[in-house]
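Here is how the chains run, residue by residue.
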Amino acid sequence: MFRWFARDEVEKNIISPGGNIRCVFTLKSGNVFYSIYKNNKLVVKPSRLGFDLAGEEPLCRNFKLIRTQNKVHKETVELLWGEDRFVENNYIESAFYLAEKKSSRRIMTIRFRVFDTSVAFRYEIPPQPKFRRLAIKDELTEFNIDLNTTAWKIPAYQPDRYEYNYEKSYVYDLTSAVHTPLTLHTQSGFYLAIHEAALYDYGSMTLKLVNDTLKSDITPLSDGTKAHVDLPFQTPWRLIMLADSAIELTTNRTMYVLNDP
């Protein structure tokens with residue numbers, strides 16, 4: 001169901017097939033946010049979406065919603081390797097087609113898939129009237145988690161890459177970049193893991209606390225930008241896995257079905 005407040009204000013609930021996870025897409029004053037609930041408890045607070053671009057105005061504000069496309073998907077996928085031969089790929093999808101109200105009237109789609117165990121989303125940027133290539137300066141994706149949430153992390157941008165022992169910390173301590181998957185235990189008792197899938201032609205995502213909010217920190221190119229992409233282009237999936245216990249995260253197979261066969 002849509003609730004229209006004004007031309008640039010929209011709130012849309014995307015509910016998982018089993019009804020236990022709810023993702024809320026919000027367009028407020030032209031800015032785009034999402035939030036996530038599990039069992040009607042807020043897990044990810046309203047989190048900003050968008051991009052900073054080199055040589056262009058940021059692609060994150062002055063949006064209006066052009067249309068929404070919804071889909072129910074249900075299939076069983078056979079894997080060629082791994083612990084399971086068959087994996088269920090059941091989700092509710094909503095794609096939000098956005099256009100700027102001013103300046104160059106650029107367009108962008110944000111596609112969400114809500115599973116019973118996870119929420120995934122990605123950006124899709126089609127060819128624009130005035131350009132066919134983008135230099136992405138920064139990806140503004142946020143994961144607004146309570147600062148007192150427990151985190152298990154390894155540092156990013158270090159000489160030994162991923163070869164470090166995981167350390168227990170708190171979200172408020174993550175002021176230096178850490179690798180994904182980042183595992184979290186909320187004060188309400190839920191376990192989360194933030195990761196990505198379908199990573200092609202783009203820097204891998206690390207996470208860092210910026211202005212009291214966990215934010216994506218994409219591994220940069222040598223010129224300091226995050227990516228130079230030809231349009232059309234779609235980012236990797238940003239994936240938030242949710243569970244009632246830590247052991248459930250180890251059996252979450254969402255990442256398999258988000259990647260290409």
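That block above? That's the structure.
Computed from a prediction, not measured in an experiment: that's the story for all the values here.

Peer 1: Got a sec to walk through the layout of surface pockets? Specific residues and values, please.
Peer 2: In this structure, the largest pocket occupies an estimated 630 Å³ of space. Mapped onto the lining of the largest pocket, the elements with two or more residues apiece are strand S8 (76-78), strand S22 (227-230), strand S23 (233-234) and helix H2 (254-258). Looking at the lining of the largest pocket residue by residue, the class counts come to 15 nonpolar, 6 polar and 7 charged. In this structure, the second largest pocket occupies an estimated 250 Å³ of space. If you go around the second largest pocket, you meet 15 residues; those closest to its centre are Glu-88, Phe-115, Thr-117, Arg-253 and Thr-254. Elements with a minimum of two residues in the lining of the second largest pocket: strand S9 (86-88), strand S24 (237-243) and H2. Counted by class, the lining of the second largest pocket contains 5 nonpolar, 5 polar and 5 charged residues.

Peer 1: Got a sec to walk through the pattern of salt bridges? Specific residues and values, please.
Peer 2: Applying the stated criterion across every chain, the model contains 16 salt bridges. Close ionic contact of Arg-111 with Glu-124 constitutes a salt bridge, the shortest N to O distance being 2.6 Å. Taken together, the residues Arg-111 in strand S11 (residues 107-114) and Glu-124 in strand S12 (residues 118-125) connect sequence positions 13 residues apart. We note a salt bridge from Asp-217 to Lys-226, for which the minimum N-O separation is 3.7 Å. Given a relative accessible area of 10%, Lys-226 falls into the buried group. Three or more residues joined by partner-sharing salt bridges are found here, namely Glu-93, Arg-111, Arg-113, Arg-122 and Glu-124.

How each quantity is defined
Residues numbered from 1 in each chain as written. Predicted model: local features only at pLDDT ≥ 70, side-chain atom pairs only at ≥ 80, totals over all residues. Heavy atoms only, no water. 1 Å grid on protein atoms, 1.4 Å probe; cavity = no way out; pocket = protein on both sides within 12 Å on 5 of 7 lines; lining within 4 Å. Points joined across faces, edges and corners; volume = space filled by probe spheres on them. Helix = DSSP H or I, 4+ residues; strand = E, 2+ residues; numbered from the N terminus. Nonpolar A, V, L, I, M, F, W, Y, C, P; charged D, E, K, R; others polar. Salt bridge = Lys/Arg side-chain N within 4 Å of Asp/Glu carboxyl O. Buried < 20%, exposed > 50% of the residue type's maximum accessible area, 1.4 Å probe, protein only.

Structural measurements only, silent on function.
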